[in-house]
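Coordinate analysis (summary)
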Amino acid sequence: MASIPSTNHFPCKSLQKYHQKSRFILMTATFLANRVNLPSLSVNQSTKVKQDLSVRAVVSDDEWGSEREPVAPGVAVLKEASSKEPAEIEVLKKQLVDSFYGTNRGLSASSETRAEIVELITQLESKNPTPAPTEALNKLNGKWILAYTSYRGLFPLLSTGVPLSLAKVEEISQTIDSVNFTVQNSVIFSGPLATTSITTNAKFEVRSPKRVQIKFEEGIIGTPQLTDSIELPENVEFLGQKIDLSPFRGLITSVQDTASSVARTISSRPPLKFPIPRTKDESWLLTTYLDSELRISRGDGGDIFVLVKEGSPLLST
């Protein structure tokens, strides 16, 4: 509240009779000033402010001038941070997918690359835009392509051992149907003459905002599909010498014709189904990051799975 010296100090006696009336007016003015959140002023300060306001009135036609209440700086910082976060997430996603290059879905990754991947995954998990993935099943829905895993059980499948010396893993995917609560895992192999697939069908149950319980029901070996043609190079290099393969073209054509006949016979039969061992028919999956094109999950053994939604531009990077 504004302060005022006692009127008894003024030499003019004529002012004394108006002391009570002046005090009432001053109290009323102070009350109104406090109602509009103006700071309390001393008599000397009010004179200075009045001079400053008179100068502003000449400079600006706005009645309030620059006296408008400023926006709290904390609000501006929060808005700036929230607008930067999506851009940071996009950068992290691009860096993560780029780090997969040459790792063969994790099989060939060095310890240094693995450490870099884990660091990027940890940063993304801390910025997860979907903290409760099982409450947003529409985002989980669809086909997801495996881009990276630390799961050792898949490495023999990805490696070029004797059983797969003539085959290549083309794609590993997981298709989730959130309406019927089903999961289908699929591995597609390609060889010189045909392609085939192995799939497992499962049901899942929601157990927490992030975790689902999976129960596998059956496995299916798909019917082989014959490739259009066998591409034979003109020559190959062996022990420093080039070997001409043109004499073998006739033999390859004969083999391909025979394979076509066999494939047509096999394709007329239904896919082969096989049971899942009881000791391996259940598992759970924890989703730690989810958006419209990237999903990071951890299995019951702590293994990491990074999957990209089919059709996402991240698959072409």
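These notes cover the structure that comes with them.

Calculation criteria
- Residues numbered from 1 in each chain as written.
- Predicted model: local features only at pLDDT ≥ 70, side-chain atom pairs only at ≥ 80, totals over all residues.
- Heavy atoms only, no water.
- Helix = DSSP H or I, 4+ residues; strand = E, 2+ residues; numbered from the N terminus.
- Expected span 1.5 Å × (residues − 1).
- Buried < 20%, exposed > 50% of the residue type's maximum accessible area, 1.4 Å probe, protein only.
- Arc of directions from axis to C-beta.
- Pairing = 2+ DSSP bridges.
- Contact = heavy atoms within 4.5 Å.
- Polar contact = N/O pair within 3.5 Å; in protein donor to acceptor, adjacent residues only side chain to side chain.
- Core = buried A, V, L, I, M, F, W, Y, C linked by side-chain atoms within 4.5 Å.
- Salt bridge = Lys/Arg side-chain N within 4 Å of Asp/Glu carboxyl O.
- Patch = residues over 30% accessible without salt bridge, like charges linked within 9 Å, V, L, I, M, F, W, Y side chains within 5 Å.
- Areas by Shrake-Rupley, 256 points an atom, 1.4 Å probe, with all protein chains shown as cover.

Turning our eyes to something else, we now look at helix α4 (residues 111-126). Given a rise of 1.5 Å per residue, 16 residues ought to cover 22 Å, and the 23 Å separating the end C-alpha atoms of α4 matches this to within 8%. Within the span of α4, buried status applies to Thr-113, Arg-114, Ile-117, Leu-120, Ile-121, Leu-124 and Glu-125. What you see down the axis of α4 is that its buried residues fit within an arc of 140°, all on one side. The exposed residues of α4 that point more than 90 degrees off its buried face are Ser-111, Glu-112 and Ser-126.

What follows is about the pairing of strand β5 (residues 211-221). Sheet topology note: the strand β4 (residues 194-206)/β5 ladder contains nine bridges and is antiparallel. Residue pairing in the sheet places Val-206 in a bridge with Val-212 of β5. If you look at the hairpin formed by β4 and β5, you'll find four residues sitting between the two strands. Pairing of β5 with strand β10 (residues 282-290), which is carried by five bridges, proceeds in the antiparallel orientation. Residue pairing across strands places Lys-215 opposite Glu-282, the latter belonging to β10. Two strands pair when backbone bridges link them, and β5 and strand β9 (residues 272-275) are joined in this way by four bridges, in the antiparallel orientation. The residue bridging Glu-218 from the neighbouring strand is Pro-275, located in β9.

Structurally, Lys-203 can be placed in strand β4. Measuring from C-alpha to C-alpha, the distance between Lys-203 and Gln-184 comes to 8.7 Å, with 19 residues separating the pair along the chain. Setting aside anything within four residues of it in sequence, one finds Lys-203 in contact with Asn-180, Phe-181, Thr-182, Gln-213, Ile-214, Lys-215 and Glu-217. Within the structure, the side chain of Lys-203 is placed 3.3 Å from the backbone oxygen of Asn-180, a separation counted as a polar contact.

Our next topic: the nonpolar core. With 21 residues, the main nonpolar core has Leu-146, Ile-172, Phe-204 and Ile-214 as its most contacted residues. Within the residue set of this core, elements represented by two or more residues are α5 (137-140), β1 (142-149), β2 (168-177), β3 (182-190), β4, β5, β10 and β12 (304-309). Residue contacts for Ile-214: discarding those within four places in its chain leaves Ala-202, Lys-203, Phe-204, Asp-281, Glu-282, Ser-283, Trp-284 and Leu-285. Ile-89, Ile-121, Ala-147 and Ile-296 belong to the second largest nonpolar core, which has 18 residues in total.

For the rest of this paragraph, the subject is the side chain of Thr-199. Along the chain, the position of Thr-199 falls in strand β4. In this structure, Thr-199 is in contact with Gln-184, Asn-185, Ser-186, Glu-218, Gly-219 and Ile-220, ignoring residues within four places of it in sequence.

Turning our eyes to something else, we now look at the pattern of salt bridges. Per the stated rule, a full pass over the model turns up 11 salt bridges. Between Glu-293 and Lys-93 there is a salt bridge; the shortest N-O distance is 2.8 Å. With Glu-293 in the loop between β10 and β11 (294-299) and Lys-93 in helix α3 (residues 73-99), this pair connects stretches of sequence that are 200 residues apart. By relative accessible area, which is 15% here, Glu-293 ends up buried. Across the pair Arg-207 and Glu-205 runs a salt bridge whose closest N-O atoms are separated by 3.1 Å. Of the residues examined, Arg-207 reaches a relative accessible area of 46% and is grouped as partly exposed. Take Glu-205: its relative accessible area is 47%, and that puts it in the partly exposed class. Taken together, the shared-partner salt bridges in this structure form one network comprising Glu-90, Lys-93, Asp-291 and Glu-293.

Note that Thr-288 resides in strand β10. Assessed through its relative accessible area of 11%, Thr-288 is described here as buried. Every residue in contact with Thr-288, bar those within four places of it in the chain, is listed here: Glu-125, Asn-128, Ile-296, Ser-297 and Arg-298.

The next subject is the pairing of β2. Pairing of β1 with β2 involves four bridges; the strand directions are antiparallel. Residue pairing across strands places Lys-143 opposite Thr-175, the latter belonging to β2. Pairing of β2 with β3, which is carried by nine bridges, proceeds in the antiparallel orientation. Each residue of the ladder has a partner; that of Thr-175, found in β3, is Gln-184. Adjacent in sequence and paired antiparallel, β2 and β3 are bridged by four residues, among which Phe-181 carries a positive phi angle near 55°.

It is worth spelling out the environment of Glu-125 at this point. Mapped onto the fold, Glu-125 is located in helix α4. Distance in space between the C-alpha atoms of Glu-125 and Tyr-289 is 5.3 Å, their sequence separation being 164 residues.

Right, let's talk about a nonpolar patch on the surface for a bit. Side chains of Ile-198, Ile-221 and Leu-272 sit close together on the surface and give an oily, nonpolar patch of about 240 Å² of accessible area. With respect to the secondary-structure elements, Leu-272 resides in strand β9. Relative accessible area serves as the criterion here: at 55%, Leu-272 is assigned to the exposed category.

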